Amino acid sequence: MATVLRAYRYRFTPTPEQAEQLARTFGCVRYVYNYFLRERTDAWYERQERMGYNATAKALTTLKKQPDTDFLSEVSNVCLQQSLRHLDRAFANFFKGQARYPTFKKKRGKQSATYMANGFRWRDGRLWLAKQKDPLAIRWSRRFSGDPSSITVSLDTAGRYHISFLVEEEQEALPVTPRMVGLDLGLTHRVITSDGDKIPNPRFIRQTERKLARAQRALSRKQRGSNNRAKARQKVARLHAKRADQRRDATHQLTTQLIHENQVIAAESLQVKNLLRNRSLAKAISDVGWHQLTCQLAYKAEWYGRDFVQIDKGYPSSKRCFHCGYIADTMPLDIRRWDCSACGTRGIDRDINAARNILQAGKAILAGADKLRHHEKTTVGHTGS
């Protein structure tokens with residue numbers, strides 16, 4: 001049994017007083033993030049100085065005492081400190097090459113605030129936030145065990161309030177199964193397995209495309225700054241949110257099924273950002289959600305004791321004949337079935353063939369990792385003796 005960190009997300013409805021206090025908190029968190037983003041940027045470009053978390057935390061104390069920014073004392077300091085930590089993490093990810101340079105947070109974008117254990121009170125399934133008298137009215141869709149180490153309150157562009165609990169739980173591994181599967185990711189079919197199953201793409205964008213276009217035209221006709229424009233903007237945001245929820249729910253159902261049925265899951269690595277540069281396929285690629293699918297497979301495999309491996313993006317899974325290993329020179333996307341000129345196999349399904357090659361490559365990677373671990377154990381044993 002392993003200990004894992006899990007996040008549980010719920011909807012809640014704040015009272016008018018709670019909504020007002022949360023609005024102040026979101027505004028102060030956004031102000032602190034943007035203020036110190038500018039400070040850190042100016043410190044480097046003007047004076048070639050680096051500001052880390054400790055320097056910004058010290059400067060925040062001074063900032064709260066100034067007459068123009070004393071409103072920062074009206075909200076929990078825990079949220080402001082966490083905003084500085086998020087900014088520091090954003091810079092760390094940028095310097096590692098994992099993300100772009102941090103950008104300013106917008107008032108009309110998604111708002112959020114993170115509370116650590118000293119910023120909230122949790123008792124008998126009820127939650128009180130700092131600076132608030134009444135507990136939040138949370139819609140409990142499922143329960144969790146243990147006490148939350150941190151919580152994040154958010155308000156999305158559709159006007160919905162969510163709260164996320166980060167909890168440390170004991171997770172039992174699933175029973176070992178001999179089944180293994182390779183996954184080829186596509187557009188017409190979201191997932192093609194090495195067993196020959198083809199899971200269709202729900203195409204959530206196509207389902208709401210007409211409604212969204214109508215709502216966006218209505219938004220463009222509204223006068224800027226008016227209440228009607230704000231209502232129209234929220235209607236557009238609700239359609240986008242519904243589409244994202246549908247995609248996330250379908251992905252969770254699919255990944256959970258794959259994890260429960262297979263001990264080893266192999267998938268291809270795709271550079272989604274590069275693929276999105278293709279204007280003809282960008283909308284379809286965004287709708288299918290490849291990155292979300294592989295991310296869910298990765299952490300669920302770790303939770304439940306499964307092996308998830310991604311093969312190198314340069315591996316010729318589609319051009320390689322699974323039966324004999326022959327690699328074709330070219331394989332345009334319009335070719336869905338092909339004949340192998342080396343072994344004579346006819347009518348090879350492009351996607352199923354790729355999924356089988358991916359599984360074969362994934363098993364080879366895992367076998368190599370097992371040999372390496374065995375060699376390291378053997379080496380340590382000889383050294384110890």
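Note that the structure is a prediction, hence the values are computed from the model and not measured.

### Remarks on the overall build of the chain
- For the chain, the count of helices and strands is 9 helices and 14 strands.
- Projected onto its principal axes, the C-alpha coordinates of the chain cover approximately 80 × 75 × 50 Å.
- Looking at the chain as a whole, 40% of its 385 residues qualify as buried.
- Of all intrachain contacts in the chain linking residues separated by at least 6 positions in sequence, the fraction that spans at least 24 positions is 68%.

### So, unusual backbone geometry
- A positive phi angle, close to 55 degrees, is found at D124, a residue other than glycine.
- By the element assignment, D124 lies in the loop between β3 (120-123) and β4 (126-129).
- Classification of D124 as exposed rests on a relative accessible area of 75%.
- Its identity is not glycine, yet K131 carries a phi of approximately 75 degrees, on the positive side.
- Position of K131 among the secondary structure elements: in the loop between β4 and β5 (137-139).

### Here we look at the side chain of E268
- Inspection of the secondary structure assignment puts E268 in strand β11 (residues 264-268).
- Despite being buried, E268 has no salt bridge partner; R350 is the closest side chain of opposite charge, sitting 8.9 Å away.
- Reaching out from E268, the side chain makes a polar contact with the backbone nitrogen of L185 at a distance of 2.9 Å.
- When neighbours within four sequence positions are excluded, E268 is seen to be in contact with L183, D184, L185, Q310, I311, S317 and I358.

### Some thoughts on the packing of helix α1 (residues 16-47) against helix α3 (residues 77-95)
- As a packed pair, α1 and α3 sit with axes 9 Å apart at the nearest point and diverge in direction by 40 degrees. Put simply, α1 runs oblique to α3. Viewed along their axes, α1 and α3 form a crossing whose handedness is right-handed. Residues T25, C28, V29, V32, Y33, F36, L37 and R40 of α1 form the contact with α3, whose participating residues are C79, L80, S83, L84, H86, L87, D88, A90 and F91.

### Here we look at the sheet that holds strand β10 (residues 198-200)
- Reading across the sheet, the 5 strands line up as β10-β9-β8-β11-β12 and stay open at both edges, with mixed pairing between neighbours. What marks the edges here is a single partner per strand, and that holds for β10 and β12 (307-311). Going across the sheet, the axis of each strand differs from the next one's by a mean of 20 degrees, ignoring polarity.
- Along the sheet, helix α5 (residues 227-261) makes contact with β8 (180-185), β9 (189-193), β10 and β11, crossing β9 at roughly 5 degrees.
- Where helix α8 (residues 290-304) meets the sheet, its contacts fall on β8, β9, β11 and β12, and the angle it forms with β12 comes to roughly 140 degrees.

### Some thoughts on the sheet that holds strand β2 (residues 111-116)
- In spatial order, the strands read β2-β6-β7-β1-β5; together these 5 strands make up an open sheet with antiparallel pairing. Looking along the sheet, the strands with just one partner apiece sit at the ends: β2 and β5. Looking at each pair of strands side by side, their axes are set apart by 35 degrees on average, direction ignored.
- As defined by bridge partners, strand β1 (residues 2-13) adjoins strand β7 (residues 161-171) across 10 bridges and the pair is classed as antiparallel.

### Focus on a positive patch on the surface
- A surface patch of positive charge is lined by R210, K211, R214, R217, R221, K235, R238 and K242.
- Taken together, the elements giving at least two residues each to the positive patch come down to α4 (204-221) and α5.
- For the positive patch, the element with the highest residue contribution is α4, accounting for 5 residues.
- By the secondary structure assignment, R214 is in helix α4.

### Things to note about the domain arrangement of the chain
- Along its sequence, the chain is organised into domain 1 (2-171) and domain 2 (176-204 + 233-371).
- In this structure, domain 1 and domain 2 have C-alpha centres spaced 35 Å apart.
- At the interface, 10 residues of domain 1 touch 9 residues of domain 2.
- One can count 1 salt bridge joining domain 1 with domain 2.
- The partner of R160 in a salt bridge is D245, and the shortest N-O contact between them spans 2.8 Å.

Reading guide: rules and limits
- Residues numbered from 1 in each chain as written.
- Predicted model: local features only at pLDDT ≥ 70, side-chain atom pairs only at ≥ 80, totals over all residues.
- Heavy atoms only, no water.
- Helix = DSSP H or I, 4+ residues; strand = E, 2+ residues; numbered from the N terminus.
- Buried < 20%, exposed > 50% of the residue type's maximum accessible area, 1.4 Å probe, protein only.
- Contact = heavy atoms within 4.5 Å.
- Lys, Arg positive; Asp, Glu negative; His and termini not counted.
- Salt bridge = Lys/Arg side-chain N within 4 Å of Asp/Glu carboxyl O.
- Polar contact = N/O pair within 3.5 Å; in protein donor to acceptor, adjacent residues only side chain to side chain.
- Axes fitted to C-alpha atoms, helices over the stretch in contact; angles between N-to-C directions.
- Parallel < 35°, antiparallel > 145°, perpendicular 65-115°, else oblique.
- Left-handed = near helix turned anticlockwise from the far one by under 90°.
- Pairing = 2+ DSSP bridges.
- Patch = residues over 30% accessible without salt bridge, like charges linked within 9 Å, V, L, I, M, F, W, Y side chains within 5 Å.
- Areas by Shrake-Rupley, 256 points an atom, 1.4 Å probe, with all protein chains shown as cover.
- Charge placed at Lys NZ, Arg CZ, Asp CG, Glu CD.
- Domains from an automatic or database assignment.

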